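Listed below, chain by chain, are the residues.
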Amino acid sequence: IITIDEAKRRQSFSSCDRDSTVDALPMLIDSSDLLQDTHIEKLACRLPARVQGYLWRLVYSTEKHGTSLKTLYRNLLDVDSPVLLVVKDMDEQQIFGAFSTHPFRVSEHFYGTGETFLYSFCPEIKVYRWTGENSYFVKGNTDSLQMGGGGHLGLWLDGELYRGTTTKCATFNNQPLSTQQDFNIHSLEVWTFE
């Protein structure tokens, strides 16, 4: 059950209308070292309706918090909202990442829902949504974070947040998100919605 105001808020953000003259940029509580306004605009309208219109808060950044997956998990302990992962690779300076319906955490099993997706800017945005093939959305280990599965991982990050791998996976039927299958991470951010 939602209020009428909430229903109207969700409806107002329910599509990517490129001809709209209304400024569709969400409000960011913190500044991003990785996302430009064009990235934010293109990502915002592709988010599920339940998070559109909310403030974006930076909860983790390698620039501010160092390069540690454990710190990333620790910063998300009290978060109870979906998260947006933004990665910039060292080689091509390409931006890509994932939207997760649940905050990243260490888990024995995969978690998330069909709203989870991978994305890449190359240079235009490409969004890879759930295929229904399996439910291997997100899995956190103490030494890695992975998204997607079914033979290959859509996105895998190491515990130092220095190296990553991206391949086509059955969960999202994505193309590799970076130009290099194995890439070095330049910087990384995680955003929540409040």
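Predicted, not measured: the structure shown is a model, and the values here were computed from it.

Caption draft 1: Focus on the nonpolar core. Leu-72, Phe-104, Leu-188 and Val-190 are the most contacted members of the largest nonpolar core, which totals 30 residues. Of all the elements, strand S10 (residues 182-193) adds the most residues to this core, at four residues. Beyond its immediate stretch of four places on either side in the chain, Leu-72 contacts Tyr-60, Phe-104, Leu-161, Leu-188 and Val-190. If you look at the next biggest cluster of nonpolar residues, it comprises 19 residues, including Trp-56, Leu-84, Phe-121 and Phe-193.

Caption draft 2: Region of interest: the confidence of the model for the protein chain. When the pLDDT values of the protein chain are averaged, the result is 90; 88% of them are 70 or greater. Confidence over residues 17-22 falls short of pLDDT 50; this stretch has one contact with residues more than four positions distant or in other chains.

Caption draft 3: Region of the structure containing helix H2 (residues 37-44). The complete set of buried residues in H2 reads His-39, Ile-40, Leu-43 and Ala-44. Projected down its long axis, H2 shows its buried positions confined to an angular sector of 120°, all on one face. The inward-facing, buried residues of H2 abut strand S1 (56-61), strand S2 (83-89), strand S3 (95-100), strand S4 (117-121) and strand S5 (125-129).

Caption draft 4: Expanded view of the packing of aromatic side chains. On inspection of all chains with the given rule, the structure shows eight aromatic pairs. With 5.6 Å between their ring centres and 85° between their planes, Trp-56 and Phe-193 make a pair best called edge-to-face. Residue Trp-56 is located in strand S1, and its partner Phe-193 is located in strand S10; the two are separated by 137 residues in the primary sequence. Of the two residues, Trp-56 and Phe-193, both sit in the buried class. Ring centres 6.1 Å apart and planes at 55° place the aromatic pair Phe-99 and Phe-193 in the tilted group. Placement of Phe-99 in strand S3 and of Phe-193 in strand S10 is noted, with a sequence separation of 94 residues between them. Between Arg-105 and the ring centre of Tyr-111, over which it is positioned, the NZ or CZ distance is 3.9 Å.

Calculation criteria
Residues numbered from 1 in each chain as written. Predicted model: local features only at pLDDT ≥ 70, side-chain atom pairs only at ≥ 80, totals over all residues. Heavy atoms only, no water. Core = buried A, V, L, I, M, F, W, Y, C linked by side-chain atoms within 4.5 Å. Buried < 20%, exposed > 50% of the residue type's maximum accessible area, 1.4 Å probe, protein only. Helix = DSSP H or I, 4+ residues; strand = E, 2+ residues; numbered from the N terminus. Contact = heavy atoms within 4.5 Å. pLDDT = per-residue confidence, 0-100. Arc of directions from axis to C-beta. Phe/Tyr/Trp six-rings, centres within 6.5 Å; stacked < 30°, edge-to-face > 60°. Lys NZ or Arg CZ within 6 Å of the ring centre and 35° of its normal.

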